[in-house]
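Summary of structural features
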Amino acid sequence: MKKHKFKKRFIILGIVIFLIVFFMGYYINYIGDTYDMHTGIFGLSYDDIEVQMKTSRDDVVVLSDYEIDENGELVLELRSDDDGEVDADITVSIEKGERYIPMKTHFSVNDMGTIVENRYGNLNCNGYMEITIAFLVMMLLILIVMVASFIECLNKNWFSYSMIVYGGVALYIFGLLVLMGYKILNSAVTSLSALLVLIGDVGSYFLVMMLPVMVLMAVSVSVSNIWLMRHEGYRPVNALGIVISVVWLVGLCAVLNIGYLGSFMYSTPVLSRIRVIATYVICYFESMLVSLIVCAFTASRHEPPLDRDYIIILGCAIRSDGSLTPLLKGRVDSALNFEKRQYDANGKHACFVPSGGQGADEVISEGEAMERYLLEQGVPAERIIREDKSTSTFENMKLSREVVEKTDPDFVNKKTAFATTNYHVFRGYILSKKNGFEAQGISAKTKWYFFPNAFLREFIGLTVDKISAHIIFLVALAAIVAAIEYFI
């Protein structure tokens, strides 16, 4: 994969977003020292009214003028003279003082001179719509870059954790963008407070939108775990799905205000802010999980070109008598079938690399067991290069490369495939790259109940492997929101 293309793309994206935030801050600072206060009073004429404003401090906010706009609403024009906070009493005299309309409000002026009105808890300032548009534009730019990167990976079969991140972020941003766009088009954003409420609530809308998918996934991994424990015995890894499903359900109750825990998260302003952050974090990782499922399924369906020089067969447990289990036999048979189709298509044979060490309860190594089976199927010994020391998928790839390079130093430039069970194919792509060579997966079918738990394990692997990327994205999102709040 030509990573420099992606790096260039993301560097440009980062620069553009920084410029948008910078110029948005400059623009808000430029217009923020004035404020057009909409009074909600209609049907007046200039000859009928007189406006007065008294404040707790005369040097913070000053009434400079007033007008009746095209909708017939009385709009007061204010300016800031100094930073600080003031309470304001505004009186509108109608028909030469015969009738009065009193109003109370509160103004805050930050050190940049930006006026923010707080009228009965409703915040507003000049430029709130421009802030909204800038926020949507930044989200749209991120979406475009992520979709372009995901499609490029998909078209070129670059299956990797990065591909999952591209797809997950794209889904995440798309969902938020659609929900925010829908609300804005339906006039849900009429003030700064409305924008901030929308930013806080849209995460909850996203969780509700994803609820059917996530419930299906939680049920699937829980049932998968039960099947695994019945067939393979109880091990912590076989109960992983049940544990994570329970944690997800508790988190969902907390952020969606369900039950006692949900009420507790609304009990103080600090907890409410934590709830909003937690909502977006859950949304983000739900998107990553869905992206992982799509990527892993796509990888398992991909057929390598019929031109391979080597086929690495990834090992797993064998029977007590040294014969292959159905799971391992499926992997070897898929490699044999692929090699036969390749030879029938272009007359080219591939060398087999059965890879797997000997477990404590195994009479021979997995590599030797597979070699014996290959010989029984008529594969000549000279086309078999056994690797029998590995204890993990990572070592399968690492040690297979090492044993092949003893006879073929140019192995990394050869065309290689690996055969494994369908739920394991995506991991094979990742670990071959980690060991410095490109290989494409040959998929063998297996029982359905292996899939959900395998996806979950890959999801944990994604989280750990790309932890810095996840942190950077979430911090960047928080920084954008913080920048908006600072400038207002």
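Before going into details, it helps to say that this report is about the structure given with it. Remember, predicted model here, so these are calculated numbers, not experimental data.

Looking at helix H10 (residues 393–405)
- In this model, H10 (13 residues) spans 18 Å end to end at C-alpha, consistent with the 18 Å of a helix rising 1.5 Å per residue.
- Taken residue by residue, H10 has Thr-393, Asn-396, Met-397, Leu-399, Ser-400, Val-403 and Val-404 as its buried positions.
- Of the surrounding secondary structure, the elements contacted by the buried residues of H10 are strand E9 (310–314), strand E10 (351–355), strand E11 (416–421) and helix H11 (425–434).

Structural notes on the sheet that holds E9
- Strand order in the open sheet made by the four strands is E10-E9-E11-E12, with parallel pairing throughout. One side of each edge strand has no neighbouring strand; the edge strands of this open sheet are E10 and strand E12 (439–444). Here the strands of the sheet are splayed against their neighbours by 25° on average, with no regard to which way each runs.
- As defined by bridge partners, E9 adjoins E11 across four bridges and the pair is classed as parallel. Residue pairing across strands places Ile-313 opposite Ala-419, the latter belonging to E11.
- The strands touched by helix H8 (residues 326–346) are E9, E10, E11 and E12; relative to E9, the strand with the most contacts, the crossing angle is about 170°.

Describing the pattern of salt bridges
- The tally for this structure, following the rule as stated, stands at 20 salt bridges.
- In this structure, Glu-339 and Arg-383 form a salt bridge, with 3.3 Å as the shortest nitrogen-oxygen distance. Taken together, the residues span a long stretch of sequence, with Glu-339 in helix H8 and Arg-383 in the loop between helix H9 (366–376) and H10 at a distance of 44 residues.
- Among the ionic pairs, Glu-405 bridges to Arg-401, the shortest N-O distance being 2.9 Å. Of this pair, Glu-405 and Arg-401 both sit in helix H10, four residues apart, roughly one helical turn.
- For Arg-401, a relative accessible area of 23% corresponds to the partly exposed category.

Describing the nonpolar core
- Of all hydrophobic cores here, the largest spans 82 residues; its most connected members are Val-169 and Phe-426.
- Tallying contributions element by element places helix H3 (residues 161–185) first for this core, with 14 residues.
- With near-sequence residues (within four places) excluded, Val-169 lies in contact with Ile-142, Met-146, Tyr-284, Met-288 and Phe-473.

Quick notes on the rules
- Residues numbered from 1 in each chain as written.
- Predicted model: local features only at pLDDT ≥ 70, side-chain atom pairs only at ≥ 80, totals over all residues.
- Heavy atoms only, no water.
- Helix = DSSP H or I, 4+ residues; strand = E, 2+ residues; numbered from the N terminus.
- Expected span 1.5 Å × (residues − 1).
- Buried < 20%, exposed > 50% of the residue type's maximum accessible area, 1.4 Å probe, protein only.
- Contact = heavy atoms within 4.5 Å.
- Pairing = 2+ DSSP bridges.
- Axes fitted to C-alpha atoms, helices over the stretch in contact; angles between N-to-C directions.
- Salt bridge = Lys/Arg side-chain N within 4 Å of Asp/Glu carboxyl O.
- Core = buried A, V, L, I, M, F, W, Y, C linked by side-chain atoms within 4.5 Å.

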